[in-house]
Amino acid sequence: MASQQVVVRVVDGASVVEESVRRPVRLTPDGYAGIVYAGAVFPLFADNVIDMAGPSWEIEDCNRFLLAGASVPFARKADNALAQQSFIEFPDEWNVETTRFGHYVVFNASERLAAEVVAALEAGGLSVQRWDVSHRTAADGKFYDWFARLRVKGTHTDALSRVAAVFSPVSADLVVEPSPTQTDTRFEDLAAQVEQLLDQTVELRERLDGSESQVTLLRQRLAAATDRESKLASELNRALEHQKSLLGQIAELGRAPEQPFDTRAFLVKQTETEELLEFALAENAELYSSVGSLRAQAEQGDARVLSLEAMVLGLRERLEEVGHQERERRRAAAAPVAPRRGVLGFLDTAFSRLTFVLDSMEVLANLDAPASLLRSLVQIDMGENVGKDLEGLRGWREVSKLATGVAGSEDMGRIYYKPDGAQVLVSVHVKQDDKEQRRHLERLRSI
């Protein structure tokens, strides 16, 4: 039987996007009607209206259609004030997780209340990219009923504060204790800052060396030009003295009654001397201009060197500050920690021969479909020689094109492993691009 179709009006808050668009009616996870528009499913309100500024679902989560002739279950418009006030007693049943894939709100609620929670988040200005039933243990060791992936950017603290402002406006201004996930994220941010500062320091050092070389070359050219100027000045003085002598001889010949010498020859010599003088003056003026330009370039080079030295000094101070933070991180990491639970504890117990390195456990814990990677890990733990040798890293092997379930990286799962005595070093990784993969392999090289 065919699906029911309606002509909808598309709005974005107070502005109208399209007046009439014919679309089939889908059923959203909360049981209400939804319409596909701009790559997402938006709830259908009374009078056949969809609002792009409101909540939405991903298309694959709304694969059921409303049959033709059935009554349309229009969605209810949430009241912003009521949506936020209904969660004043809700703070003990939710948490915010931050991973490399984004911010997630995990919470316990019935199916109807879960839809209201998502509506409250949307009403509070937190756009929800996707929400569904949770199938894994959260970072705090609890197993929640639902998760909602947010479209917001920023730090874990910012996301936690904004969610708290929606769920519990009264306690939103209280100090929030950082969770283990937040601490790990801060450590990763520190490591990224260190790498960035080191790259900037190397680049500035190269620029400083190049500027110093240019200044040295300019100084050599300036010294050569100054020496040439001195020689030309001496030649100019000699030419002026010679001209003065010739003029005296011509004047003396002009006063003599008899001319024993050829006056015309002296006049020719005078003309040649004047031409040489004009040539020397022109060359001297050009030389003065060249010397002035070289001096200006040398001064600019000195100023650039001073500026680069100041930038390098600032980067060194920043590196010292980050180094202090890194030492604090190491002391915090060395503190006793509670036994692992949930997915991390399961990996330690299930794969006794495998030693996970780098951020492998976090990657596994955040995959939507880890079955393919777990199957390969079981083979590696049983001693099977799977995959192929990893080029450029002796002793390491690679298992590639593993499914992850992550949108945009469905077959980007990678497992790198290396036998190390009775243990096997394992790195689980989701490839983002070639540059990021090369950085990950360089980290493996240092292990």
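Please read all numbers here as calculations on a predicted model, not as lab measurements.

### With respect to the sheet that holds strand β3 (residues 26-27)
Step number 1: Reading across the sheet, the four strands line up as β5-β4-β3-β7 and stay open at both edges, with antiparallel pairing between neighbours. A strand with exactly one partner marks an edge of an open sheet, and here the two such strands are β5 (40-43) and β7 (64-65).

### Details of a negative patch on the surface
Step number 1: A cluster of acidic side chains, namely Asp 199, Glu 203, Glu 206, Asp 209, Glu 212 and Glu 309, defines a negative patch on the protein surface.
Step number 2: Looking at the negative patch, the element that brings in the most residues is helix α4 (residues 180-255), giving five residues.
Step number 3: As for its position among the elements, Glu 203 is in helix α4.
Step number 4: Residue Glu 203 is classed as partly exposed on the basis of its relative accessible area of 45%.

### Comments concerning helix α8 (residues 371-381)
Step number 1: For α8, the complete set of buried residues consists of Ser 372, Leu 373, Ser 376, Leu 377, Ile 380 and Asp 381.
Step number 2: Just past α8, the residue Gly 383 takes up positive phi, approximately 90 degrees.

### So, the pattern of salt bridges
Step number 1: Enumeration over the complete set of coordinates arrives at 14 salt bridges.
Step number 2: We note a salt bridge from Glu 58 to Arg 130, for which the minimum N-O separation is 3.8 Å. Taken together, the residues span a long stretch of sequence, with Glu 58 in the loop between β6 (49-51) and β7 and Arg 130 in strand β10 (residues 128-133) at a distance of 72 residues.
Step number 3: For Arg 130, a relative accessible area of 21% translates into the label partly exposed.
Step number 4: Notably, a salt bridge pairs Asp 132 with Arg 130, separated by 3.7 Å at the nearest N-O pair.
Step number 5: Each of the salt bridges in this network shares a partner with another, and the network as a whole consists of Glu 58, Asp 61, Arg 130 and Asp 132.

### A few points about the side chain of Ser 372
Step number 1: Considering the arrangement of structural elements, one finds Ser 372 in helix α8.
Step number 2: Among residues more than four places away in sequence, those in contact with Ser 372 are Leu 402 and Ala 403.

### Here's the deal with the confidence of the model for the chain
Step number 1: On average, residues of the chain score 79 in pLDDT, and 84% of them are at 70 or above.
Step number 2: Overall, residues 80-86 carries pLDDT values under 50, and its contacts beyond four positions in sequence, including any with other chains, amount to eight contacts.
Step number 3: Counting interchain partners and residues more than four positions distant, the pLDDT-below-50 stretch residues 171-183 has 11 contacts.

### Examining unusual backbone geometry
Step number 1: With phi around 55 degrees, Ala 38 is a residue other than glycine that occupies positive phi space.
Step number 2: Here Ala 38 is to be found in the loop between β4 (33-37) and β5.
Step number 3: The exposure class assigned to Ala 38 is exposed, which follows from its relative accessible area of 62%.
Step number 4: Not every positive phi belongs to a glycine, and Leu 358 is a case in point at roughly 55 degrees.
Step number 5: In this structure, Leu 358 sits in the loop between β12 (354-356) and α7 (360-365).

### Here's the deal with the nonpolar core
Step number 1: Among the nonpolar cores identified, the biggest contains 28 residues, and Val 105, Phe 107, Leu 121, Trp 131 and Val 163 are the most heavily contacted of them.
Step number 2: Those elements that provide at least two residues to this core are β8 (94-99), β9 (102-107), α2 (111-123), β10, β11 (146-150) and α3 (156-167).
Step number 3: The residues touching Trp 131, leaving out its near neighbours within four places in the chain, are Pro 29, Trp 57, Asp 61, Ala 114, Ala 115, Val 118, Trp 146, Phe 147 and Ala 148.
Step number 4: Counting residues in hydrophobic clusters, the runner-up holds 27 residues, among them Val 106, Val 363, Val 386 and Val 399.

### Observations concerning the pairing of β9
Step number 1: For β9, a buried count of five out of six residues is recorded, marking the element as mostly surrounded by other parts of the structure.
Step number 2: As judged from the six bridges shared by β8 and β9, these two strands associate in the antiparallel manner. In the sheet register, Val 96 faces β9, and the bridge partner there is Val 105.
Step number 3: With antiparallel pairing between neighbouring strands as the criterion, β8 and β9 make up a hairpin whose turn holds two residues.
Step number 4: Pairing of β9 with β11 involves four bridges; the strand directions are antiparallel.

### Quick notes on the side chain of Ser 56
Step number 1: Within the secondary structure layout, Ser 56 lies in the loop between β6 and β7.
Step number 2: Not counting the four nearest positions on each side in its chain, Ser 56 is found in contact with Ala 40, Val 41, Phe 42, Glu 122, Val 128 and Arg 151.

### Overview of the packing of aromatic side chains
Step number 1: Throughout the structure, instances matching the rule amount to four aromatic pairs.
Step number 2: When the centroid spacing of 5.1 Å and the interplanar angle of 75 degrees are considered together, the rings of Trp 94 and Phe 167 count as edge-to-face. Pair noted here: Trp 94 is in strand β8 and Phe 167 is in helix α3, with a separation of 73 residues, a long-range link. With respect to burial, Trp 94 and Phe 167 carry one shared label: buried.
Step number 3: Measuring from ring centre to ring centre gives 5.5 Å for Trp 131 and Trp 146, while their planes differ by 50 degrees; the resulting arrangement is tilted. Within this pair, whereas Trp 131 is found in strand β10, its partner Trp 146 is found in strand β11, the two being separated by 15 residues in sequence.

Criteria and cut-off values
Residues numbered from 1 in each chain as written. Predicted model: local features only at pLDDT ≥ 70, side-chain atom pairs only at ≥ 80, totals over all residues. Heavy atoms only, no water. Pairing = 2+ DSSP bridges. Helix = DSSP H or I, 4+ residues; strand = E, 2+ residues; numbered from the N terminus. Patch = residues over 30% accessible without salt bridge, like charges linked within 9 Å, V, L, I, M, F, W, Y side chains within 5 Å. Areas by Shrake-Rupley, 256 points an atom, 1.4 Å probe, with all protein chains shown as cover. Salt bridge = Lys/Arg side-chain N within 4 Å of Asp/Glu carboxyl O. Lys, Arg positive; Asp, Glu negative; His and termini not counted. Charge placed at Lys NZ, Arg CZ, Asp CG, Glu CD. Buried < 20%, exposed > 50% of the residue type's maximum accessible area, 1.4 Å probe, protein only. Contact = heavy atoms within 4.5 Å. pLDDT = per-residue confidence, 0-100. Core = buried A, V, L, I, M, F, W, Y, C linked by side-chain atoms within 4.5 Å. Phe/Tyr/Trp six-rings, centres within 6.5 Å; stacked < 30°, edge-to-face > 60°.

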